[in-house]
Amino acid sequence: MAERVEQRLEDRVPELEQLERVGLFTRREIRAVLRKASALEYKIQRRALRKEDFIKYIQRVGYSFKKDEIENSILHRVHCLFNRATGKWKEDLQLWLSHVAFCKQWNAKHQLSKVFSTMLAIHPNKPALWIMAAKWEMETRLSSESARHLFLRALRFHPECPKLYQEYFRMELMHAEKQRKEKKEFEKAKMDLGEFNYSEDILSGEMARIIYRDAAHKIKGLEFHLAVLSIAKLFDFTQDLQKEILESLQAKYANDPLTWDYMARRELELGSPESTEGTTKQRKIAEMTQREERCCAVFEEAVRAVSSEDMWKCYIAFCLERCNRKTNSEELKQKRLERTLSVFSKAHESSLLPEALYKQWLQLLLESSLFEQAAEVAEAATKRFSQSVEAWQMRLQVLIQLKSDDVSQCFEEAIKHVKAQGTVALWTLWVEWSESTSSKEETEALYQRSLHATTPAESVTMKEKYLDWTYRNKGYKKVRRVFTSLCENRPFSLDFFRKMIQIEKEQESCKMFHLREYYERALREFGSTNSDLWLDYIKEELNHPQGKPENCGSIHWRAMKMLQGDLVEDFVSKYTLLQTGHL
């Protein structure tokens, strides 16, 4: 091993001498480089190799010099290190990608071609790597033939991968566009094209058409057709190809909402069939209005042909997009708003408006100051989704915002319709509203009622809120009584006890025996699963004026007995830090 290391170090002598000659390093610095290189070489020569040693060596090698004599030698060494590392840890994809990035950084095209070839032989199951290699061949090496060869190999491994077909399709169109531009330049220069072979099939995008037809037989799903169509639209010579894809789309997925959505939105891209008299600004507004109306006409036909929630969602999504677009025309803005509200109403009347979209409808009505309509829509939502907590929340928030007299009655109605499980959000909203509008007695009665009405698991949240509200509104003595009362019924949360401990510590005459009570209650519930609780208890005994440091030993002993698994080790570590004054 020593001979091999010495040989590698001797190989570095010419470049190190060159570094000294050009004044980049002094003789002393070169000796330090050799010592470090020797240590790293020995690490990567031992039997038990570690990936970290190779990565560290690669990072230590300085390859940012501009002198060819130095640069080539160092680049060769880094490539060798990468080759050895990837040969040892073949499955480490990040290591391969680091080598790829290094080759790209230094424009090592020949080396990168080898890296891609080896990497794809080991990782043929990752389509993204095939795409990366093919793109590099096409865009950097300008070799469409190599890129095509890689895509064809990739498709043998992944015959039903949509992304591979999409990128192969894009590559062929890019190649066709490149050849069309070349031919045009030659023709402009009046050069003889006899020696150049410009195939009409390639120039017209026929290769891309073949790829699409092959993929269409293998890949099911509308999304692929739409993706390919969006790629084709980027090239100005693909009108016939776009037409074929569109016809295939309509034939295979006539009843799919996304097909109708695409066909409707396509109307925005088409010019207005009629010219409009008036100023340029007015003409633009009139033309945009006509385009949007044509879109809506397609959508109206769609909801008649495919009456489903998804179809209405597409229609509403389009209307909301247009409604949210900025425009200086108040007339256009008002038309968009009226159209959107009309579509929401039609979807609701068809009983095909999804629950989530009622919220957007309400927001739009409230932003437009249509408060009465908002209240009616909120009521309609709760009638249709009478067991939905979210629907009742929406209605209640609208009524609270409008300062309606029916809020309390609506809360009662909501609690009747919704099952006990999941009502904590309604109770939270109710008590928060009551705190700002009702007397303290009514609010307290509501808190106590919520504890019985919610499930045990959800009552934990209400206990925390009740404790906090009592302290803020009725003081320390009352909160002590409430805490004792609430402790009679499990379950509890750790925050419930910590809140009471914090309340006690805020008092001028903070009593240690009260703190002990709270900690002991908390430890009965969470002593086996929370090491910090034990440490906080010990800190209180050490730091409180009425604390008893002699109790710390017994608390420590109890913690060691109660804590589970790795928590014991965690507790011991923190307790040691506490004893040494570092915690």
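Numbering of residues begins from 1 in every chain and follows the order in which that chain's sequence is written. Totals for whole chains, interfaces and linings use every residue, but because this is a predicted model, local features are given only for residues with pLDDT of at least 70 and side-chain atom pairs only at 80 or more, for both listing and counting. With hydrogens and water stripped out, all remaining heavy atoms of the structure feed into the side-chain values.

Here we look at the overall build of the protein chain
Counting its secondary structure elements, the protein chain contains 30 helices and zero strands. Whether two residues are in contact is decided by their heavy atoms: any pair within 4.5 Å suffices. Looking at the protein chain alone, contacts between residues at least 24 apart form 58% of all its contacts between residues at least 6 apart. The secondary structure listing takes helices from DSSP runs of H or I that are at least 4 residues long and strands from runs of E that are at least 2 residues long, numbered from the N terminus.

What about the side chain of Thr-289?
By secondary structure assignment, the location of Thr-289 is in helix 16 (residues 280–305). Of the residues examined, Thr-289 reaches a relative accessible area of 8% and is grouped as buried. Separated by 2.7 Å, the side chain of Thr-289 and the backbone oxygen of Ile-285 make a polar contact. In contact with Thr-289, not counting residues within four places along its chain, are Leu-332 and Lys-335. For each residue, the accessible area found with a 1.4 Å probe, counting protein chains only, is set against the maximum for its type, and the residue is called buried under 20%, exposed over 50%, and partly exposed in between. Here a polar contact is recorded for every N or O atom pair within 3.5 Å, except that within protein the pair must consist of a potential hydrogen donor and a potential acceptor, and residues adjacent in sequence are included only if both atoms are side-chain atoms.

Quick look at the packing of aromatic side chains
Two rings from Phe, Tyr or Trp (for Trp, the six-membered ring) form a pair when their centres are within 6.5 Å of each other. A pair whose planes differ by under 30 degrees is stacked, one over 60 is edge-to-face, and the rest are tilted. One pass over the full model with this rule turns up 25 aromatic pairs. Between Phe-82 and Phe-102, the aromatic rings sit 5.9 Å apart at their centres with planes inclined by 45°, giving tilted as the arrangement. With Phe-82 in helix 5 (residues 68–88) and Phe-102 in helix 6 (residues 93–105), this residue pair connects regions lying 20 residues apart in the sequence. Residue classification places Phe-82 among the buried residues on the basis of a relative accessible area of 5%.

Some thoughts on the pattern of salt bridges
For this analysis, a salt bridge means a side-chain nitrogen from Lys or Arg found within 4 Å of a carboxyl oxygen belonging to Asp or Glu. If you walk through the whole model with that rule in mind, you get 40 salt bridges. The partner of Glu-287 in a salt bridge is Arg-291, with the nearest N and O atoms 2.7 Å apart. Within this pair, Glu-287 and its partner Arg-291 are both found in helix 16, separated by four residues, close to a single helical turn. In this structure Glu-287 comes out as partly exposed when scored by relative accessible area, which is 24%. Connected via shared salt-bridge partners are Lys-135, Lys-163, Glu-167 and Arg-170.

So, helix 22 (residues 407–417)
Turning to helix 22, its buried residues are Val-407, Cys-410, Phe-411, Ala-414 and Ile-415. One side of helix 22 carries all its buried residues, which in axial view fall inside an arc of 135°. Exposed residues pointing more than 90 degrees away from the buried face of helix 22 are listed as Gln-409 and Lys-416. Here the arc refers to the set of directions running from the helix axis out to each C-beta atom.

Brief notes about the packing of helix 15 (residues 257–269) against helix 16
Axes here refer to lines fitted to C-alpha atoms; in helices the fit is confined to the stretch in contact. Angles between the N-to-C directions go from 0 to 180 degrees. Closest axis-to-axis distance for the helix 15/helix 16 pair is 7 Å, and the angle between their directions is 165°. Accordingly, the angle class assigned to the pair helix 15 and helix 16 is roughly antiparallel. As for the relative orientation of helix 15 and helix 16, their crossing is right-handed in sense. Contact with helix 15, carried on its side by Trp-260, Asp-261, Met-263, Ala-264, Arg-265, Glu-267 and Leu-268, involves Met-288, Arg-291, Glu-292, Arg-294, Cys-295, Val-298, Phe-299, Glu-301, Ala-302 and Ala-305 of helix 16 and no other residues of that element. For classification purposes, angles smaller than 35 degrees are called roughly parallel, those larger than 145 roughly antiparallel, those between 65 and 115 roughly perpendicular, and all remaining angles oblique. Should the near helix be turned counterclockwise from the far one by less than a right angle, the crossing is left-handed, whereas a clockwise turn marks it as right-handed.

Some details on helix 8 (residues 127–139)
Each helix should span, by expectation, one fewer than its residue count multiplied by 1.5 Å. For helix 8, spanning 13 residues, the distance from its first C-alpha to its last is 18 Å, which sits close to the expected 18 Å at 1.5 Å a residue. Those residues of helix 8 that fall on the buried side of the exposure criterion are Leu-129, Trp-130, Ile-131, Ala-133, Ala-134, Trp-136, Glu-137 and Met-138. Turning to helix 8, the residues buried within the fold contact helix 6, helix 7 (109–122), helix 9 (144–157) and helix 10 (162–188).

Let's talk about the environment of Lys-243
Relative to the elements of secondary structure, Lys-243 occurs in helix 14 (residues 239–252). Take Lys-243: its relative accessible area is 52%, and that puts it in the exposed class. For Lys-243 and Leu-229, which are 14 residues apart along the polypeptide, the C-alpha to C-alpha distance reads 9.2 Å.

Remarks on the confidence of the model for the protein chain
Considering every residue of the protein chain, the mean pLDDT works out to 88; 88% of them sit at 70 or more. The predictor attaches a confidence to each residue, called pLDDT, with possible values from 0 through 100. Below a pLDDT of 50 lies the segment residues 62–67, which in the model reaches 17 contacts outside its immediate sequence neighbourhood of four places, other chains included. Segment residues 272–278 is flagged for pLDDT under 50; beyond a separation of four residues in sequence, or across chains, it makes eleven contacts in the model.

Quick notes on unusual backbone geometry
The omega torsion of the bond from Arg-490 to Pro-491 falls at 0°, within 30 degrees of zero and hence cis. By secondary structure assignment, the location of Pro-491 is in the loop between helix 25 (456–486) and helix 26 (494–505). In the Ramachandran plot, Ser-369 falls in the positive-phi region, its phi being about 60° despite a non-glycine side chain. Its location among the elements puts Ser-369 in the loop between helix 19 (355–367) and helix 20 (371–384). By relative accessible area, which is 48% here, Ser-369 ends up partly exposed.

Looking at the environment of Met-263
Mapped onto the elements of the fold, Met-263 is located in helix 15. Along the primary structure Met-263 and Val-298 are separated by 35 residues, whereas in three dimensions their C-alpha atoms are 7.4 Å apart. The residues touching Met-263, leaving out its near neighbours within four places in the chain, are Leu-246, Gln-250 and Val-298.

Considering the packing of helix 12 (residues 206–218) against helix 14
Think of two packed helices as two axes; the pair is described by the angle between the axes and how far apart they sit. In the contact formed by helix 12 and helix 14, the axes pass within 11 Å of each other and the chain directions differ by 10°. Judged on the interaxial angle alone, helix 14 and helix 12 are roughly parallel. Helix-helix and strand crossings are classified by hand; for helix 12 and helix 14 the assignment is right-handed. Judged by residue contacts, Ala-208, Arg-209, Tyr-212, Arg-213 and Ala-216 of helix 12 engage Asp-240, Leu-241, Glu-244, Ile-245, Ser-248 and Lys-252 from helix 14. When residue character is reported, Ala, Val, Leu, Ile, Met, Phe, Trp, Tyr, Cys and Pro are called nonpolar, Asp, Glu, Lys and Arg charged, and the others, Gly included, polar. Its residues assigned to classes, the contact of helix 12 with helix 14 shows five nonpolar, one polar and five charged.

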